[in-house]
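Coordinate analysis (summary)
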Amino acid sequence: MGQRALRRVLALGLGLSLGLALLCAAALPAADEEGNQDESLDSKTLSAEDQVKDHSTGTRVVAGQIFLESGKSDSQSEDEENFHSQEEEKENSLEELNSLEVSNLLNKDLEEAEMQSPVLTAIGGTADGEPCHFPFLFMEKEYAECTADGREDGRLWCATTYDYKKDQKWGFCESEEQSNKRRQMQEAEDVYQIGMKILNESSKKAQKKVAYQYLLKAADMNHTKAMEKVSYALLFGDYLKQNIQSSKELLEKLTEEGSPKGQMALGFLYASGLGVNSSQAKALVYYTFGALGGNLIAHMILGYRYWAGIGVLQSCESALTHYRLVANHVASDISLTGGTVVQRIRLADEVENPGMASGMLEEDLIQYYQFLAEKGDVQAQVGLGQLHLHGGRGVEQNHQRAFEYFNQAANAGNSHAMAFLGKMYSEGSDVVPQSNETALQYFKKAADMGNPVGQSGLGMAYLYGRGVPVMNIFARTSCLLYFIQLCFSRGINNNDIFFLLDGIGVKKDYKQALKYFNLASQGGHILAFYNLAQMHATGTGVMRSCHTAVELFKNVCERGRWSERLMTAYNSYKDGDSNSAVVQYLLLAEQGYEVAQSNAAFILDQKEASIVGENETYPRALLHWNRAASQGYTVARIKLGDYHFYGFGTDVDYETAFIHYRLASEQQHSAQAMFNLGYMHEKGLGIKQDIHLAKRFYDMAAEASPDAQVPVFLALCKLGVIYSLQYVREINMREVFSHIDMDQLLGPEWDLYLMTIIALLLGTIIAYRQRQHQAIPRPAGLRPAVPQQEPPPEHQPPQ
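To keep things clear, this report deals only with the structure shown in the data block.

What counts and how
- Residues numbered from 1 in each chain as written.
- Predicted model: local features only at pLDDT ≥ 70, side-chain atom pairs only at ≥ 80, totals over all residues.
- Heavy atoms only, no water.
- Disulfide = S-S within 2.5 Å.
- Helix = DSSP H or I, 4+ residues; strand = E, 2+ residues; numbered from the N terminus.
- Buried < 20%, exposed > 50% of the residue type's maximum accessible area, 1.4 Å probe, protein only.
- Patch = residues over 30% accessible without salt bridge, like charges linked within 9 Å, V, L, I, M, F, W, Y side chains within 5 Å.
- Areas by Shrake-Rupley, 256 points an atom, 1.4 Å probe, with all protein chains shown as cover.
- Salt bridge = Lys/Arg side-chain N within 4 Å of Asp/Glu carboxyl O.
- Expected span 1.5 Å × (residues − 1).
- Contact = heavy atoms within 4.5 Å.
- Core = buried A, V, L, I, M, F, W, Y, C linked by side-chain atoms within 4.5 Å.

1. Looking at the state of the cysteines
Think of a disulfide as a covalent bridge from one cysteine sulfur atom to another cysteine sulfur atom. One pass over the structure, following the stated rule, counts three disulfides. The disulfide that involves Cys-132 links it to Cys-158, with 1.9 Å between the sulfurs. Taking the sign of the S-S torsion, -55° for the link of Cys-132 and Cys-158, the bridge is left-handed. Linking Cys-132 in the loop between α3 (99-114) and β3 (136-138) with Cys-158 in strand β5 (residues 157-159), this pair joins segments that are 26 residues apart in sequence. In this structure Cys-158 comes out as buried when scored by relative accessible area, which is 0%. Paired through a disulfide, Cys-146 and Cys-173 show a sulfur-sulfur distance of 2.0 Å. The chirality of the disulfide connecting Cys-146 with Cys-173 is left-handed, given an S-S dihedral of about -90°. Here Cys-146 is found in the loop between β4 (141-143) and β5, whereas its partner Cys-173 is found in the loop between β6 (170-172) and α5 (176-201), with 27 residues between them in sequence. With respect to burial, Cys-146 and Cys-173 carry one shared label: buried. Here the cysteine-cysteine linkages of the protein chain are recorded as 1-3, 2-4, 5-6, numbering only bonded cysteines and doing so in sequence order.

2. A short note on a nonpolar patch on the surface
Residues Leu-365, Tyr-368, Tyr-369 and Phe-371 make up a contiguous nonpolar surface patch of roughly 380 Å² in combined accessible area. Relative to the elements of secondary structure, Phe-371 occurs in helix α14 (residues 363-374).

3. Some remarks on helix α24 (residues 546-557)
Taking 1.5 Å as the rise per residue, α24 with twelve residues should run 16 Å; its terminal C-alpha atoms sit 16 Å apart, in good agreement. The set of residues buried in α24 consists of Cys-546, Ala-549, Val-550, Leu-552, Phe-553, Lys-554, Val-556 and Cys-557. The inward-facing, buried residues of α24 abut α11 (296-308), α12 (316-333) and α23 (526-538).

4. Notes on the nonpolar core
Residues Phe-268, Leu-269, Tyr-323, Tyr-585 and Trp-625 are the most contacted members of the largest nonpolar core, which totals 108 residues. For this core, the leading source of residues is α23, giving nine residues. Among residues more than four places away in sequence, those in contact with Phe-268 are Leu-235, Leu-274, Tyr-287, Val-583, Leu-586, Leu-587 and Glu-590. With 23 residues, the next largest nonpolar core counts Leu-389, Ala-409, Ala-410 and Leu-458 among its residues.

Function cannot be inferred from these measures alone, as they are strictly geometric.
In structure tokens form, the structure reads like this:
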């Protein structure tokens with residue numbers, strides 16, 4: 001922490017302590033004739049209007065406010081003198097403290113302390129217009145706030161004197177309209193809580209649909225959180241029928257109420273042109289308001305827009321600001337095992353390569369693993385536990401089942417299961433209560449068996465005092481042993497190297513930390529990416545690079561919880577709901593997910609989304625192919641070339657198509673791009689015709705991919721024929737024959753040889769035709785009748 005930050009913290013602490021002490025000294029409680037009750041100063045404030053009045057009884061409380069007499073008692077003066085003497089000692093000890101800053105903070109704190117809420121006045125009843133008295137006594141019970149006890153209509157009321165039974169002085173705390181509105185909101189909150197309980201506790205689709213019916217009812221009662229849930233469900237088609245127009249109406253209402261989620265989603269509608277006319281300017285405004293309200297997705301969208309220059313001037317520093325804020329939240333949620341599993345499945349790759357593994361587990365395979373786990377297979381239990389703990393590969397996240405599988409494997413002595421149980425107890429959840437002591441026991445058992453996750457967890461526990469007493473900075477060196485064991489057991493991990501960065505137990509060495517962070521990042525460790533980004537952003541141990549920091553922070557941000565929607569969108573597409581899938585992919589594409597951009601473009605390219613007009617399909621697909629290509633996706637770059645070549649969503653432009661093909665060929669070494677370049681050189685499209693360059697690109701395509709060898713062979717055959725015809729066309733045949741000397745070429749009797757060859761050819765042709773004529777079968781109906789021959793006589797007469 002810098003010196004200026006330290007001064008500000010000390011000044012703030014001094015200001016708060018001074019303000020609290022002044023309030024405590026000035027508000028010593030006096031005896032109340034009716035109740036002798038002490039008032040807490042935590043929620044009471046001073047009334048500047050009543051401080052100048054003369055109250056003979058000292059202080060009195062009306063509707064939660066403390067009214068003070070203007071004079072000071074002897075005890076108050078003594079307390080203030082003691083307080084001031086203590087403050088002088090504090091000021092002397094803080095020589096470097098900025099007095100002006102202290103006074104400004106102190107004045108600000110005192111001004112906030114003196115701010116008054118209006119006096120709560122009784123409405124109607126027997127004391128209309130009189131201030132409420134808190135606490136008041138009703139039915140042998142004291143009330144410090146308005147209550148509905150004793151009334152069947154549920155309206156809040158208060159007494160204007162301490163003893164209601166004695167004085168019968170009361171009034172309502174709210175008007176009838178306010179009461180109805182409050183009861184309606186309370187009813188909406190109850191309905192919302194019922195729906196959320198069903199939604200969180202059930203994994204069945206039918207139950208989730210029931211839960212959304214409760215949320216829909218609460219949304220109709222203007223419950224803000226329910227409206228947010230329902231508007232998103234209508235937008236994406238989650239357990240409610242997709243209805244973009246109804247979702248837009250709810251989002252507009254939420255935006256008017258200042259909901260950051262509503263502002264972000266409405267900005268998305270304007271950015272993608274769903275239900276409204278597309279307007280990037282309006283989208284930017286709503287995204288900005290959503291980010292100012294603290295919406296992380298809005299921050300992520302703005303970070304990507306500033307990074308790519310979409311609708312705004314490209315600004316690396318602005319992108320860094322937004323991405324760093326989101327990355328801080330993501331990194332704080334990352335556990336020892338690396339966080340959420342992100343499934344990046346490309347629809348285009350699945351179509352072109354049907355046999356390619358998508359990373360999904362078939363239902364039959366999952367059932368097989370469950371069968372093995374029930375039979376006591378420890379590895380199957382640990383594997384299923386990890387799948388249910390993090391979710392992914394077609395398995396929904398379920399902490400209860402994960403805990404059960406890990407327990408079974410741990411009871412069988414598996415160290416991995418013990419380590420994961422320690423992790424679950426360390427983090428805590430709705431299923432497993434948070435317990436550092438229990439987590440420490442499991443981590444220690446796993447570490448003793450050489451498990452890397454257990455060693456890492458045990459080292460972190462000793463370092464930060466989780467379940468054990470906190471060690472001082474010198475004693476922490478011993479916990480480094482656990483991380484050294486971790487290094488030998490599984491290589492370098494992010495947890496092993498922050499010692500080098502912070503200089504805990506070892507000499508501070510930024511270069512070594514950078515080296516090990518790079519090694520850990522190669523294994524996909526999110527915290528390694530995060531720390532590398534911080535080092536590049538601040539120039540710690542490395543030359544400052546905003547561009548590198550933004551790319552690393554972007555990688556971290558894409559591992560947030562919202563990445564789970566990638567699998568939701570994929571499942572929707574597989575279930576045949578292309579409209580729901582494309583909307584989800586479009587939102588993720590706005591956040592900068594390259595795989596979502598390419599998948600959204602693929603669905604639009606196939607014209608499978610009916611919510612997008614036919615005339616807008618190709619232009620929107622072109623937009624997202626372009627964004628995916630700018631992030632290095634080869635197929636997207638080739639698609640851009642195809643769109644400009646054939647005029648899909650744009651005018652036919654061979655030169656631009658040639659540029660995209662060349663980029664894909666040079667940067668990604670795409671065989672398809674090389675083949676297309678060969679074809680364009682062959683035909684002279686967008687470039688000067690050159691058969692030699694065409695052959696060169698065809699040969700390069702065959703070398704780049706074995707799959708291209710057959711089409712390249714056919715193309716080369718075609719190219720050979722074209723080359724031969726072109727050669728024949730270019731030469732003069734009469735001049736060629738005039739220069740040929742047949743006597744010299746074939747000999748002086750070449751004419752006899754030629755006549756002999758021609759005669760043999762004629763004889764061969766005549767013989768072939770005669771044999772072919774004899775072999776022609778006759779129709780069965782026209783077959784001539786065979787005359788019956790008389791049998792020869794047995795004995796012929798002698799001559």
